[in-house]
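Structural characterization, general
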Amino acid sequence: MSETKSKATVTIGQVSEDYIAGMRLVMRLNPSILDTELINLVNAARADLVQGGVRKDKAEDESDPLIWKAVTTYIKAEFGLDNEDSEKYSASFKKQKTALALADDYIGPKEG
């Protein structure tokens, strides 16, 4: 199976309610009516990290502060229609993704 094919078929796991609640705080959102959009963005961020070379288990690690920061940056770049800071956050996410993809802990074989 080619590497391109495996990237196209990445399946991202579930997003916990606590993770979404944290995202709501970061985005300064109160209503849970936007949770579906947040979940979709979390999954898109995770998939983007995996396609960039980060191990799937690391991209889904809700306790990892570097993954948290990358996911929140991605959401800040992509959330909403009239987002004047989108380009700034998008550039920041790309830098974070590159740094993660160069770190042995995020790309090497899973320990354990």
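Shown above is the structure to which this text applies.
Described in the following lines is the structure provided in the data block. (Residues numbered from 1 in each chain as written. Predicted model: local features only at pLDDT ≥ 70, side-chain atom pairs only at ≥ 80, totals over all residues. Heavy atoms only, no water.)

Side note on helix 5 (residues 65-78)
- In this model helix 5 runs 20 Å from its N-terminal to its C-terminal C-alpha over 14 residues, within 8% of the 20 Å that 1.5 Å per residue would give.
- What helix 5 keeps buried is the set Ile67, Ala70, Val71, Thr72, Thr73, Tyr74, Ile75 and Ala77.
- Packing partners of the buried residues in helix 5 comprise helix 2 (17-26), helix 3 (35-51), helix 4 (56-59), helix 6 (86-102) and helix 7 (104-107).
- One side-chain oxygen at the N-terminal end of helix 5 lies 2.8 Å from the backbone nitrogen of Leu66; it belongs to Asp64. (Helix = DSSP H or I, 4+ residues; strand = E, 2+ residues; numbered from the N terminus. Expected span 1.5 Å × (residues − 1). Buried < 20%, exposed > 50% of the residue type's maximum accessible area, 1.4 Å probe, protein only. Contact = heavy atoms within 4.5 Å. Polar contact = N/O pair within 3.5 Å; in protein donor to acceptor, adjacent residues only side chain to side chain.)

Notes on the pattern of salt bridges
- Scanning the model with the defined rule gives 6 salt bridges in all.
- Between Arg55 and Asp57 there is a salt bridge, and its shortest N-O distance comes to 2.8 Å.
- Arg55 sits in the buried class, given a relative accessible area of 16%.
- Assessed through its relative accessible area of 30%, Asp57 is described here as partly exposed. (Salt bridge = Lys/Arg side-chain N within 4 Å of Asp/Glu carboxyl O.)

Observations regarding the environment of Leu41
- Tracing the backbone shows Leu41 in helix 3.
- Residues Leu41 and Lys76, 35 residues apart in the sequence, show an inter-C-alpha distance of 9.6 Å.
- For Leu41, the contacting residues outside a window of four places in its chain are Tyr74, Ile75, Glu78 and Phe79.

Overview of the nonpolar core
- With 23 residues, the main nonpolar core has Leu38, Val42, Leu49, Ile67, Val71 and Ile75 as its most contacted residues.
- Mapped by element, the contributors of at least two residues to this core are helix 2, helix 3, helix 5 and helix 6.
- Looking at this core, the element that brings in the most residues is helix 3, giving 6 residues.
- Look past the residues within four positions of Val42 in its chain and what remains in contact with it is Val15, Tyr19, Ile20, Met23, Val71 and Ile75. (Core = buried A, V, L, I, M, F, W, Y, C linked by side-chain atoms within 4.5 Å.)

Some thoughts on the packing of helix 3 against helix 5
- At a minimum axis distance of 9 Å, the contact between helix 3 and helix 5 shows a crossing angle of 120°. Taken together, the axis directions place helix 3 and helix 5 in an arrangement best described as oblique. Considering only the axes of helix 3 and helix 5, their crossing is right-handed. Here Leu38, Leu41, Val42, Ala44, Ala45, Asp48 and Leu49 of helix 3 lie close against helix 5, whose contacting residues are Ile67, Ala70, Val71, Tyr74, Ile75 and Glu78. (Axes fitted to C-alpha atoms, helices over the stretch in contact; angles between N-to-C directions. Parallel < 35°, antiparallel > 145°, perpendicular 65-115°, else oblique. Left-handed = near helix turned anticlockwise from the far one by under 90°.)

Function-wise, these values are silent; they only describe arrangement.
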